[in-house]
Amino acid sequence: MNMAIERVAVLGAGSWGTTFAKVIADSGPDVVLWARRQEVASTITETRVNADYLPGISLPANLAATADPAKALDGADAVVLAVPSQTLRVNLSAWKELLPPDATLVSLSKGVELGTLKRMSEVIREVAGVDESQVAVVSGPNLAKEIAVGQPTATVIACTDHDRAVDLQHACSNSYFRPYTNTDVVGCELGGACKNVIALACGMAAGLGYGDNTMASIITRGLAETARLGAALGADPLTFAGLAGLGDLVATCASPLSRNRTFGERLGKGETLEQAQEAAHGQVAEGVKSCSSIRELAAAHGVDMPITEGIHQVCHDGLSVRELGAALLGRDRKHERQ
């Protein structure tokens, strides 16, 4: 039997966490948004705006903010985890004892953990000690700034428990945000993690001055290597043709709002990793870290991912962007499906 989600905790008040909290609040449930810094929570409470991460966007009256995780989690029917993928484990470990026992745990993080090579849902299950049926992931073409102003988009809510996915679907459906359900958690997570790496490659190509043919080629071949990894890990191939696959990939690779695309473009124009990070106000694009863990995951399963390998070499081994382009174009010729 489906149960209504009436109260949601969103842990993480960055641009996507705040935007998703707004989506849920606009859909009806009460939302408590946890911010790491008290000044962010206070500003939201006093002005109804998250000036640091989502300036100019008014937040609904049924969205409260706090810097106290216990207050945010008290009585929550669903807990949305909106922290960077490489910090999810340490944050969730601190919150573990505060989690309501039956709450659905929802991951907004897109990545593969360095060291363990675990997907975010696997990290959540391990740290929180819950069954996979209690964990859901959200993935799709979801650029925060466009959604925050009410531009229409769709997304995928994936959970092995279809009823939980439907509950979440009802909790975040509104006039501008249309969620679909899926039970393929593996495919949705891999699509979300790998697209950040492919977006770095598209940004690099843009920085070099290349046009749409190059972009389309990178996107298509990036999707191919993502799907190969998905097949090795048991994902449904059709997932990669959907919102969490192609949809998210196109949005992230093509939009100037994409941090990974923009970061890659700076590298393509000749900036160092440190210069690109400084221009991004100290923030490193997710793909810069995830390229290494995805590369290792692919190697462990014998999957060829040349774009991911090349991005890792540019970001961590000193390969130049132009050398990457030459290496990819000089690879052995083969059938398209290889």
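The structure presented is a predicted model; accordingly, all values stated were derived computationally and were not measured.

Parameters and conventions
- Residues numbered from 1 in each chain as written.
- Predicted model: local features only at pLDDT ≥ 70, side-chain atom pairs only at ≥ 80, totals over all residues.
- Heavy atoms only, no water.
- Pairing = 2+ DSSP bridges.
- Helix = DSSP H or I, 4+ residues; strand = E, 2+ residues; numbered from the N terminus.
- Axes fitted to C-alpha atoms, helices over the stretch in contact; angles between N-to-C directions.
- Core = buried A, V, L, I, M, F, W, Y, C linked by side-chain atoms within 4.5 Å.
- Buried < 20%, exposed > 50% of the residue type's maximum accessible area, 1.4 Å probe, protein only.
- UniProt positions renumbered as here; feature names shortened; annotations may be inferred.
- Contact = heavy atoms within 4.5 Å.

The strand order across the open sheet built from eight strands is 3-2-1-4-5-6-7-8, with neighbouring strands paired in mixed fashion. This sheet does not close on itself; its edge strands, each paired only once, are strand 3 (63-66) and strand 8 (177-182). For this sheet the average axis-to-axis angle between neighbouring strands, irrespective of direction, equals 25°. Of the strand pairs in this sheet, strand 5 (residues 104-107) and strand 6 (residues 135-139) are connected by three bridges, and their pairing is parallel. By the bridge assignment for strand 6, leucine 105 is matched with valine 135.

This part is about the nonpolar core. Leu229, Ile294 and Ile311 are the most contacted members of the largest nonpolar core, which has 41 residues in total. Listing elements by their share of this core, those giving two or more residues are helix 8 (185-207), helix 9 (212-232), helix 10 (243-254), helix 11 (259-268), helix 13 (286-300), helix 14 (306-316) and helix 15 (321-329). For this core, the leading source of residues is helix 8, giving 13 residues. In terms of nonpolar packing, the next biggest core, distinct from the first, is built from 36 residues, Leu33, Ala65, Val106 and Ala136 among them.

Let us look at the UniProt feature "active site" (unreviewed entry) in the protein. Residues annotated in UniProt with the feature "active site" (unreviewed entry) correspond here to Lys195. Inspection of the secondary structure puts lysine 195 in helix 8. Assessed through its relative accessible area of 9%, lysine 195 is described here as buried. When residues no more than four places from it in sequence are discounted, the contact partners of lysine 195 are Lys110, Asp248, Leu249 and Thr252.

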